[in-house]
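Spelled out from the first residue to the last, the chains are:
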Amino acid sequence: MAATVTLEPAGRCRWDEPVRMVVRGLAPGQPVTLRASLRDEKDALFRAHARYCADAHGQLDLERAPALGGSFAGLEPMGLLWALESEKPLLRLVKRDVQTPFAVELEVLDGHDPEAGGLLGRAVHERDFLAPGMRREIVRSGRVRATLFLPPGTGPFPGILDLFGSGGGLCEYRASLLAGHGFAVLALAYFRFEDLPEYLNNVCLEYFEEAVDFMLQHPKVKGPSVGLLGFSKGGDLCLSMASFLKGITATVVINACVANTIAPLHYKDMIIPNLSSDPGKYKITESGLLNLVDIWNDPLEKSNHRSLIPLEEAQGPFLFIVGMDDYSWKSEFYAQIASERLQAHGKDRPQIIYYPGTGHCIDPPYFPLCRASVHSVLGQPVFYGGEPKAHSRAQVDAWQQIQTFFHKHLNGKKSVKPSKL
């Protein structure tokens, strides 16, 4: 093979870290195709490719050379990762076992035909989810089913509880990556895991209160409060936790509703009904996917007022991450309701960051956009929205904003970066 592929940093790095890719040993101006491929834990193949031309010195630096076409175009140094697509339709790239890395195979092919070109160079790039020295502790404390990630060092560290959405199960990849930035993060399951309920029929806030107490009593968690990070259904659960429970001073929600959704929420002698919906209002896209954005009734209608979460009771600030191309529900509208409600009660407005072209599933950086997938509970293909390039840039920015927000409100550090988007 004539070409060499150099990666900086060399060797293994975290999934949420950028990597510089440079190809050397090409002819001046030589046309080549770069191809990336990755297999997930279920052996599903994800691929991306882009066409380039070497510079006058026979070198190709992806931080300087724009892609001429393929899975993406333009100057996109990390495009070969965020543009990965499954060979099988409707598959989302997720990391199920954070104790093993993803191995990304990078190939340099002669010419601009990714299937016919001869192989000129190759490298395997490992991207992992556990920083060196990080501890992963399985938590089975009382009713709590979770995994705790602790950064290296003696601590104590600011604590965060991390909740995913209506797919259920225990998702660890976001918590493990966030812990790599100096936080003690508890990835918390709340249904469809081990002996937890299989379905979201009724939700008891006492379960989440027990998880908060576990964190506050942990010797490696810096008190006297913790933060919350929630996506989709996990987002409205975080809003409820912040509004009713003690010991919470910073809450970040990603594409969340301001009303309780899907199932009634119980806490002591109180019940918050779930926001009503009309499943008959779903639409089918041209590709045959479910568009659910219109099935949810307006939480501001009088009949739905009891489902609204009393955000004004919360002890700390909120950050709303909003994908403006979210087709799961009206995240932008819900964030505005939150802002108006807090102001009406004399509270500070939440911080809201709007991301154009961004769909429902906002992950840590460099995960490919999930525009549609088969929902694990509904069993139907659902359209989530988003445009790949805009969504990728939003994920990079949102990840930084989340860290900055938590460092400021849990650690007392000042904000270092305003959003660029």
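Check the entry above for the structure.
Every value quoted in this text rests on a predicted model; they were computed, and no experiment measured them.

Turning to its location among the elements, His345 is positioned in the loop between helix 5 (331-344) and strand 22 (351-355). Assessed through its relative accessible area of 44%, His345 is described here as partly exposed. Measuring from C-alpha to C-alpha, the distance between His345 and Glu313 comes to 9.4 Å, with 32 residues separating the pair along the chain. At a separation of 3.0 Å, a polar atom in the side chain of His345 contacts the main-chain carbonyl oxygen of Arg341.

What follows is about the sheet that holds strand 7 (residues 85-86). Overall, mixed pairing links the six strands, which are arranged 2-9-8-4-5-7 in an open sheet. In this open sheet, the two edge strands, each paired with only one partner strand, are strand 2 (13-14) and strand 7. In the sheet, strand 5 (residues 45-53) pairs with strand 7 via two bridges, with the strands oriented antiparallel. By the bridge assignment, Arg47 is partnered in strand 7 with Glu85.

With that out of the way, let us pick up the packing of helix 3 (residues 205-217) against helix 4 (residues 233-244). For the pair helix 3 and helix 4, interaxial distance at closest approach is 11 Å and the crossing angle is 75°. When the axes of helix 3 and helix 4 are compared, the pair comes out roughly perpendicular. Judged by residue contacts, Leu205, Phe208 and Val212 of helix 3 engage Leu237, Ser240, Met241 and Phe244 from helix 4. Its residues placed into classes, the contact of helix 3 with helix 4 shows six nonpolar, one polar and no charged.

The next thing to look at is the pattern of salt bridges. The tally for this structure, following the rule as stated, stands at 24 salt bridges. Among the ionic pairs, Arg192 bridges to Glu198, the shortest N-O distance being 3.4 Å. Classification of Glu198 as partly exposed rests on a relative accessible area of 41%. In this structure, a network of salt bridges that share partners links the residues Arg12, Arg14, Glu126 and Asp128.

Calculation notes
Residues numbered from 1 in each chain as written. Predicted model: local features only at pLDDT ≥ 70, side-chain atom pairs only at ≥ 80, totals over all residues. Heavy atoms only, no water. Helix = DSSP H or I, 4+ residues; strand = E, 2+ residues; numbered from the N terminus. Buried < 20%, exposed > 50% of the residue type's maximum accessible area, 1.4 Å probe, protein only. Polar contact = N/O pair within 3.5 Å; in protein donor to acceptor, adjacent residues only side chain to side chain. Pairing = 2+ DSSP bridges. Axes fitted to C-alpha atoms, helices over the stretch in contact; angles between N-to-C directions. Parallel < 35°, antiparallel > 145°, perpendicular 65-115°, else oblique. Contact = heavy atoms within 4.5 Å. Nonpolar A, V, L, I, M, F, W, Y, C, P; charged D, E, K, R; others polar. Salt bridge = Lys/Arg side-chain N within 4 Å of Asp/Glu carboxyl O.

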